[in-house]
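Examination of the molecular architecture
Listed below are the residues making up each chain.
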Amino acid sequence: MSKFLVTGGKELNGKVDVSGAKNAVLPIIAACLLTSDKIILEEAPDLLDVQVMSQVIESLGGKIKRNGKRMHVSIREINSVETPYDLISKMRASIVIMGPMLARKGRVRISHPGGCAIGSRPINWHLKGLEALGAQVRMDHGFLDVSATRLKGARIYLDFPSVGATENIMMAAVYAEGQTIIENAAQEPEIVDLANFINEMGGKIRGAGTNIITIEGVRELHGTTHTVIPDRIEAGTFILMAAACGGEVLVSNVISAHLKPLLAKLDEAGVIFKEEDDGIRVISKGNYSAVDVKTQVHPGFPTDLQAPMLAMLTRAKGTSVITETVFENRFMHVEELKRMGADIKIEGRSAIVQGIDSMYAAPVAASDLRAGAALVLASLTAKGTSEIREIHHIERGYEDIELKLKGLGAEIIKVE
Ligand code: UD1
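Let me begin by describing the structure that accompanies this report. Along each chain, residues carry numbers from 1 onward, in the same order as the chain's sequence is written. Totals for whole chains, interfaces and linings use all residues, but because this is a predicted model, local features are given only for residues with pLDDT of at least 70 and pairs of side-chain atoms are given and counted only at 80 or more. Hydrogens and water are ignored here; the side-chain numbers use all heavy atoms of the structure.

1. Some points on the overall build of the chain
Under the convention used in this document: Each helix corresponds to a stretch of at least 4 residues labelled H or I by DSSP, and each strand to a stretch of at least 2 residues labelled E; elements are numbered beginning at the N terminus. The globule rule is 2.2 Å times the number of residues to the power 0.38, and the radius of gyration it is compared with is taken over C-alpha atoms. When accessible area is computed with a 1.4 Å probe and restricted to protein chains, residues below 20% of their type maximum are described as buried, those above 50% as exposed, and intermediate ones as partly exposed. Using a 1.4 Å probe, accessible areas were evaluated by the Shrake-Rupley method; residue-level cover was limited to the displayed protein chains.
Within the chain, the secondary structure is distributed over 14 helices and 23 strands. Compactness check: the chain gives a C-alpha radius of gyration of 21 Å against a globular reference of 22 Å for 416 residues, within 12% of the reference. In terms of overall dimensions, the chain has C-alpha extents of about 65 × 45 × 40 Å along its principal axes. Expressed as a percentage of the 416 residues in the chain, the buried residues total 58%. For the chain, the exposed surface amounts to about 16,300 Å²; the carbon and sulfur share of it is 48%.

2. What to know about helix 2 (residues 48–59)
Definition in use: Expected span, for any helix, means 1.5 Å times one less than how many residues it has.
Taking 1.5 Å of rise per residue, 12 residues should cover 16 Å, and helix 2 covers 16 Å from first to last C-alpha, within 8% of that figure. Directly after helix 2, the chain includes Gly61, whose backbone phi takes a positive value near 120 degrees.

3. Describing a positive patch on the surface
Heads up, the condition is: Patch membership needs two things, relative accessible area over 30% and no salt bridge, and members are linked within 9 Å if like-charged or within 5 Å if nonpolar (Val, Leu, Ile, Met, Phe, Trp, Tyr). Just to be clear on terms, a salt bridge is a Lys or Arg side-chain nitrogen sitting within 4 Å of an Asp or Glu carboxyl oxygen. For the charge count, each Lys or Arg is scored as positive and each Asp or Glu as negative, with His and the chain ends excluded. A charged residue contributes its charge at one atom only: NZ of Lys, CZ of Arg, CG of Asp or CD of Glu.
Together, Lys38, Lys63, Lys65 and Arg76 line one region of the surface with positive charge. Checked against the element boundaries, Arg76 lands in the loop between strand 5 (70–74) and helix 3 (85–90).

4. Here's the deal with the layout of surface pockets
Where empty space is left in the structure can be found by rolling a water-sized probe over the atoms. Selection criterion: Only protein atoms enter the 1 Å grid used here. Points where a 1.4 Å probe fits but cannot escape make up a cavity, open sets with protein on both sides within 12 Å along at least five of seven lines make up a pocket, and a residue lines them when an atom lies within 4 Å of a point. Grid points are joined across faces, edges and corners, and a volume is the space filled by probe spheres set on the points. Amino acids outside the nonpolar list (Ala, Val, Leu, Ile, Met, Phe, Trp, Tyr, Cys, Pro) and the charged list (Asp, Glu, Lys, Arg) are all regarded as polar, and Gly is one of them.
Of the volumes computed, that of the second largest pocket is approximately 240 Å³. For the second largest pocket, the lining is made up of 17 residues, of which Lys285, Gly286, Asn287, Arg315 and Asp357 are closest to its centre. Those elements that provide at least two residues to the lining of the second largest pocket are helix 8 (232–245) and helix 12 (369–381). The residue makeup of the lining of the second largest pocket, split by class, is 6 nonpolar, 5 polar and 6 charged.

5. Description of the pattern of salt bridges
Inspection of every chain in the model, using the stated rule, returns 29 salt bridges. Between Glu275 and Lys260 there is a salt bridge, with the nearest N and O atoms lying 3.1 Å from each other. With a gap of 15 residues between them, Glu275 in strand 15 (residues 272–276) and Lys260 in helix 9 (residues 260–269) connect regions that are remote in the sequence. Residue Glu275 is classed as partly exposed on the basis of its relative accessible area, which comes to 41%. What emerges from the salt-bridge pattern is a single network uniting Glu82, Arg107, Arg109, Arg138, Asp140 and Asp145.

6. As for the packing of aromatic side chains
Under the convention used in this document: Whether two aromatic rings pair depends on their centres lying within 6.5 Å, for rings of Phe, Tyr and Trp, where Trp uses its six-membered ring; planes under 30 degrees apart make the pair stacked, over 60 edge-to-face, and the rest tilted. Placement of a charge over a ring requires the Lys NZ or Arg CZ to be within 6 Å of the ring centre, with the centre-to-atom vector within 35 degrees of the ring normal.
Tallying each qualifying case throughout the model produces 1 aromatic pair. Seen from their ring centres, Trp125 and Phe160 are 5.8 Å apart, and the 25 degrees between their planes marks the pair as stacked. In this pair, Trp125 is assigned in helix 5 (residues 124–132) and Phe160 in the loop between strand 9 (155–157) and helix 6 (163–172), connecting sequence segments 35 residues apart. Residue classification places Trp125 among the partly exposed positions, given a relative accessible area of 26%. For Phe160, a relative accessible area of 29% gives the class partly exposed. The ring of Phe143 carries the charged tip of Arg109 above its face, separated from the ring centre by 4.7 Å.

So yeah, pure geometry; function would need other evidence.
Laid out in structure tokens, this is it:
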């Protein structure tokens, strides 16, 4: 099992390029199932999760080739409707194949994804939406069997603006007869990227990025070349690392509009940054004040930046209250941060973080992707050398994180 050895206390300086967004490319690869034509994806990050999604597509009959940041996807024929259990259980996000499989093949058999470290994460709203379009859902020996002879457009109100449910319904509705309207839809930038991709293939989706999305059913989609948006969570993580460590870092290849909820909080905390043409420049001495943060759906503060933000605030002046409203049980990083000297108390869905002067190194383990990023951030500021285990979680979502950090002057080594 590989691990990171991180020696803290170094300033970060220089420029770091953000990769394409994991949470955009995953549903986009799934959407490739909607056409038999060839697709080229530019800025596709080479991540463990992307490899798993590629294997899922290959298990259904697709062909995928990677050439640097470019991916060639070709799914001329789909010769299976069932995805192996071990692939779905490796990555919950692979449930977004349900919508496009239903649209193109009229059936999909997928093992129930079950829970994960950050909560039970049910998929009831995905299934409710697909049923509203005319699909039948059966549970059989741990498998979900979803099928439809014909999908028909419908008006679907989501109880909560779920990202995955919005994506699945949007893709299922692409070939449905007539119009589908998703109300209380998720508004995340990754939804907009997926809708843009489908429209580039000939789809008719309007309203992505607002809470009402309209999908007009079409007969056929064709091939295209699409450039994936930059990863706002990776960008946010580097911005937080730069703020915490001190130094001057240009985080480039970002869409700053996607980072507004984070930038507003950093401004409130007294972190100095500039929005420039090619990125966001953070100029920090590693001093900042405590702020209260509440995670919300977009355009609120993203839950995926809660853990790195909390790690940064462990050294702020004053007391911060961080409230997680999107996922239950998303404070797994807190116990590990406490092992590094952090002063944090959990009260219900909030973490009360009393800022301290400095953290110390400790052996810690990543419980999930963003918790892992929080531990990397904390160990970059801690005194001594921390050992971070279970880094496969981190590599699911951060491309070349140790190389990128080394490029900024951090002392980080990956040990196999
Ligand atoms: C996506 C992102 C994830 C991010 C999350 C919220 C991907 C691959 N993952 O996850 O990084 O943290 O959005 O921005 O894009 N829920 C239900 N029933 C459902 C669906 C969701 O109860 O049918 C609940 C979940 O348990 C969770 C909340 O709704 O508490 C939000 O989930 P959702 O927006 O669906 O997140 P994901 O699509 O799983």
